[in-house]
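A look at the structure
Each chain, letter by letter, is given below.
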Amino acid sequence: MLVVDRLSVAYGSIKAVREVSLRVEKGEIVALLGPNGAGKTSLISAIVGLVPSAGGKVELDGTDISRKRTEDIVRLGATVTPEGRKIFGDLTVGQNLRLGAAVRRDRDGIAADIEQMLTMFPILRERFASRAQTLSGGEQQQLAIARSMMSRPKLLMLDEPSLGLAPRLVEQIFGLITELRAKGLTLLVVEQNAYDALALADRAYIMNSGRLQFSGRSEDLLASDDLMEHYLGTGTGGHAGAPG
Ligand SMILES: Nc1ncnc2c1ncn2[C@@H]1O[C@H](COP(=O)(O)OP(=O)(O)OP(=O)(O)O)[C@@H](O)[C@H]1O
Ligand SMILES: [Mg+2]
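Worth saying up front: this structure is predicted, and the values here are computed from it rather than measured.

Attention now goes to the side chain of Glu 28. Looking at the secondary structure, you find Glu 28 in the loop between strand 2 (14-24) and strand 3 (29-33). Polar contacts involving the side chain of Glu 28 include one to the main-chain amide nitrogen of Glu 25, which spans 2.8 Å. Residues contacting Glu 28, with those up to four places away along its chain left out, are Arg 23, Arg 181, Thr 186, Leu 187, Asp 202 and Arg 203.

Right, here's the structure in full:
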C-alpha cells in the first residue's frame, strides 16, 4: 500500500527526517513511535505533501506520489488526521464533515458517507448543527477522524489520536481504529502512548532524532523489556499486564 524510500525532510538547516524507509501493507495497523521531536509528524506530513521532502520517494499502491500535490494525494487515497485535531471550531459539525469531502464531486456519495459517519459516531448526529468548538476533546477527536474518513481514504494516517484524552476516551478511539481496519482501511498511527499503540498495531517503527531506529513486530517489542527500555525508555516494570 505505502512504500517510503529514504525520505528526508529539512526545515532550513534543521534535518527533521533523515533517509527514513518504511512500508505499510494493505490492511495493516502500523505504529510510528518515538520521543518529541523525533520527526514523526514531519514524516507523515511529507508523505502527503504538506511539507516538501528533501529527497527520497513515496509510493502509494505503486504510484509515485513524491511530487504530487496534497489534494491529488488525498484523491488517490492517503489522508492525515493532524496532530491537535485541527477542526474548524467556528464551523458546525456538519460543515466540518463536508470539508473532509472537498476533493470529491459525487454529491450522492458524500451524503451517503455523512450518514454513515453519523451512524458510526452518534454524538456527531446529536451535535450536527453545533459549532465544533463546543464539542469536548474526545468528541472533537471523533469529528477529526470522521472528517478524514469523508475523503474515502485507503490509507489513514493518525497523528497522536489519543493526545489529551482521558483513558476511557483513548480506549474508545483505539477501539475505533480497530473497527476501521475491520472495514478494510490501512492505518499508520503516530503515538506517544507506546504501550497502547503496540497493543493495537501489527508492526511498529521507532524514530529518534530524524532516524529510523527500530522496526519489528509489536508483539516482539512488547515481549522484550530490553527492547522497550532501549528504544522507548521504558521497561514493563510496573506496566506488566497493563490493559489495552
Ligand atoms: N515548521 C517547522 N520549522 C522548523 N522546524 C520544525 C518545523 N516543524 C518541525 N520542526 C522541527 O523538526 C523536528 C521534528 O519535528 P516533528 O514535529 O516532526 O517531531 P514529532 O516526532 O512529530 O514530535 P512530537 O512527538 O512532539 O509531535 C523537531 O526538531 C522540530 O523542532
Ligand atoms: Mg508530532
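After that view, the rundown keeps rolling.
What follows deals with the coordination of the magnesium ion (ligand 2). Each protein donor to the magnesium ion (ligand 2) is listed here as Thr 41 (OG1) and Glu 83 (OE); together their distances run 1.9 to 2.7 Å. In this pair, Thr 41 is assigned in helix 1 (residues 40-47) and Glu 83 in the loop between strand 6 (78-81) and helix 3 (93-100), connecting sequence segments 42 residues apart. Using a relative accessible area of 27% as the deciding quantity, one classes Thr 41 as partly exposed. Exposure remark for Glu 83: the relative accessible area of 29% places this residue in the partly exposed category.

A separate point is the pattern of salt bridges. The final tally for this structure, using the stated rule, is 18 salt bridges. Taking the shortest distance from any N to any O, the salt bridge between Glu 71 and Arg 75 comes out at 3.2 Å. Here Arg 75 and Glu 71 lie together in helix 2 (residues 70-76), a separation of 4 residues that amounts to about one turn. A network of salt bridges, in which partner residues are shared, links Arg 69, Glu 71, Asp 72 and Arg 75.

Partitioning the protein into structural domains gives domain 1 (1-77 + 154-244) and domain 2 (88-152). Counting residues at the interface gives 17 residues for domain 1 and 12 residues for domain 2. Note on domain 1 versus domain 2: buried area summed over both sides is about 1200 Å², and carbon and sulfur give 74% of it. The interface formed by domain 1 and domain 2 holds 0 salt bridges in total.

Let us now look at the site of ligand 1. Taken together, 14 residues lie near ligand 1, and Asn 36, Lys 40, Ser 42, Glu 83 and Gln 192 sit nearest. Within the backbone of Gly 37, an N or O atom sits 2.8 Å from an oxygen atom of ligand 1. Residue Gly 39 places a main-chain N or O atom 2.9 Å away from an oxygen atom belonging to ligand 1. Relative to its unbound accessible area of 640 Å², ligand 1 is 62% covered by the protein chains. Every element with two or more residues in the shell around ligand 1 is listed here: strand 2 and helix 1. The element that contributes the greatest number of residues to the shell around ligand 1 is helix 1, accounting for 3 residues. Each residue belonging to the shell around ligand 1 can be placed in one class, and the counts come to 5 nonpolar, 6 polar and 3 charged.

Bringing the pairing of strand 10 (residues 211-217) into the picture now. Bridge analysis of strand 9 (residues 203-208) against strand 10 gives 6 bridges, and the strand direction is antiparallel. The residue bridging Ile 206 from the neighbouring strand is Phe 214, located in strand 10. Hairpin connection from strand 9 to strand 10: 2 residues lie between these consecutive antiparallel strands, with Ser 209 at a positive phi of about 50°.

To continue, consider the sheet that holds strand 9. The strand order 6-7-8-3-9-10 describes an open sheet built from 6 strands, whose pairing is mixed. Whereas interior strands pair on both sides, the edge strands pair on one side only; in this sheet they are strand 6 and strand 10. Strand-to-strand twist across the sheet, computed as the mean angle between neighbouring axes with direction ignored, equals 15°. Relative to strand 7 (residues 155-159), strand 6 runs parallel, the two being bridged by 4 bridges. Residue pairing for strand 7: Thr 81 is matched across the bridge by Leu 158. Sheet strands in contact with helix 7 (residues 167-182) are strand 3, strand 7 and strand 8 (186-191), and its direction is about 160° off that of strand 8. Contacts from helix 10 (residues 225-232) reach strand 3, strand 9 and strand 10 within the one sheet, and its direction differs from that of strand 10 by about 155°.

Parameters and conventions
- Residues numbered from 1 in each chain as written.
- Chains lettered and ligands numbered in written order.
- Predicted model: local features only at pLDDT ≥ 70, side-chain atom pairs only at ≥ 80, totals over all residues.
- Heavy atoms only, no water.
- Helix = DSSP H or I, 4+ residues; strand = E, 2+ residues; numbered from the N terminus.
- Polar contact = N/O pair within 3.5 Å; in protein donor to acceptor, adjacent residues only side chain to side chain.
- Contact = heavy atoms within 4.5 Å.
- Donors = N, O, S within 2.8 Å, 3.2 Å for Na, K, Ca; no water.
- Buried < 20%, exposed > 50% of the residue type's maximum accessible area, 1.4 Å probe, protein only.
- Salt bridge = Lys/Arg side-chain N within 4 Å of Asp/Glu carboxyl O.
- Domains from an automatic or database assignment.
- Buried area = accessible area lost by both parts, 1.4 Å probe.
- Near = heavy atom within 4 Å.
- Areas by Shrake-Rupley, 256 points an atom, 1.4 Å probe, with all protein chains shown as cover.
- Nonpolar A, V, L, I, M, F, W, Y, C, P; charged D, E, K, R; others polar.
- Pairing = 2+ DSSP bridges.
- Axes fitted to C-alpha atoms, helices over the stretch in contact; angles between N-to-C directions.

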